[in-house]
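Geometric and topological summary
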Amino acid sequence: MKIILASDHAGLELRQALVGLLQEKGVSFQDVGPTTSESVDYPDFAKKVARAVAAGEYTLGVLVCGTGIGMSIVANKYRGIRAALCSTEFEARMAREHNDANILCLGQRVLGAGVAKGILEAFLATPFAGGKHARRVQMIREAESER
C-alpha cells in the first residue's frame, strides 16, 4: 500500500501528525506538502493527490485543510476519485467498505490529532466489501462519464 498526502496551510499540523503515524506503522507514503504555514491554495494540493491516485501511482490519498470540505470538493472533480470527508472512524470504515473511497479528507479545525489518527487507521485497515457495493461503485463511474 502506497499513500500520498497533502494539505493546505490550515491543515499543515494535522498532516504532519498523520505523517508521524504512517512512519510509526511503517506505511509507505509520499508527503507532497506544503512545508511551511505560509498561505497556499488548497486546489493545487488536492489536484496533486487526486491525479496521482487516479493514475494508480498511489493506492490511497489523504487531504487535510481547515474543514476538509474544500479538499473533498476539488478531489471529487477528478475521474476515478471517490474522496470522503470523514469525522468519525465509522464514516471512514463505511467510506472504504461500501464506497471504495480512495481519498480521505480531514479538517484540522474540526478534529483533534488523536481522533484524526484513529480515522486514518480505520480508513487504511478497511477493505472494499465488493458484492452489491461494487455494482453501486460502477454506477458512480458511469455517472462520471455523464459530466
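Up top is the structure.
Residues numbered from 1 in each chain as written. Predicted model: local features only at pLDDT ≥ 70, side-chain atom pairs only at ≥ 80, totals over all residues. Heavy atoms only, no water.

**Some words on unusual backbone geometry**
- Looking along the chain, the bond that leaves G33 and enters P34 is cis, with omega of 5 degrees.
- Within the fold, P34 resides in the loop between β2 (28-31) and α2 (42-54). (Helix = DSSP H or I, 4+ residues; strand = E, 2+ residues; numbered from the N terminus.)

**Details of the environment of R109**
- Summarising the element assignment, R109 is placed in the loop between β5 (103-107) and α5 (113-125).
- Separated by 21 residues in sequence, R109 and T88 have C-alpha atoms that sit 14 Å apart.
- Setting aside chain neighbours within four positions, we find R109 in contact with A10 and G66. (Contact = heavy atoms within 4.5 Å.)

**What about the nonpolar core?**
- Counting residues in hydrophobic clusters, the biggest one holds 24 residues, and the most contacted among them are L18, L106, L120 and F123.
- When contributions to this core are tallied by element, the ones reaching two or more residues are β1 (2-7), α1 (12-25), β3 (60-65), α4 (89-99), β5 and α5.
- At six residues, α5 tops the list of elements feeding residues into this core.
- Apart from the residues within four sequence positions on either side, L18 is in contact with L5, V62, V64, L106, A116, K117 and L120.
- Membership of the second largest hydrophobic core comes to 18 residues, among which are I4, A50, A52 and C65. (Core = buried A, V, L, I, M, F, W, Y, C linked by side-chain atoms within 4.5 Å. Buried < 20%, exposed > 50% of the residue type's maximum accessible area, 1.4 Å probe, protein only.)

**Examining a nonpolar patch on the surface**
- A cluster of nonpolar side chains, I69, I73 and L85, forms an exposed patch at the surface whose accessible area comes to about 260 Å².
- As for its placement among the helices and strands, I73 is situated in helix α3 (residues 69-75). (Patch = residues over 30% accessible without salt bridge, like charges linked within 9 Å, V, L, I, M, F, W, Y side chains within 5 Å. Areas by Shrake-Rupley, 256 points an atom, 1.4 Å probe, with all protein chains shown as cover. Salt bridge = Lys/Arg side-chain N within 4 Å of Asp/Glu carboxyl O.)

**A word on the sheet that holds β5**
- Taken together, the five strands give an open sheet; going across it, the order is β2-β1-β3-β5-β4, and neighbouring strands pair in parallel fashion. The sheet is open, and its two borders are formed by β2 and β4 (83-85), each paired with just one other strand. On average, each strand axis in the sheet is inclined to that of its neighbour by 20 degrees, with strand direction left out of account.
- The pairing of β4 with β5 spans three bridges and is parallel. Bridging across to β5, A84 finds its partner in L104. (Pairing = 2+ DSSP bridges. Axes fitted to C-alpha atoms, helices over the stretch in contact; angles between N-to-C directions.)

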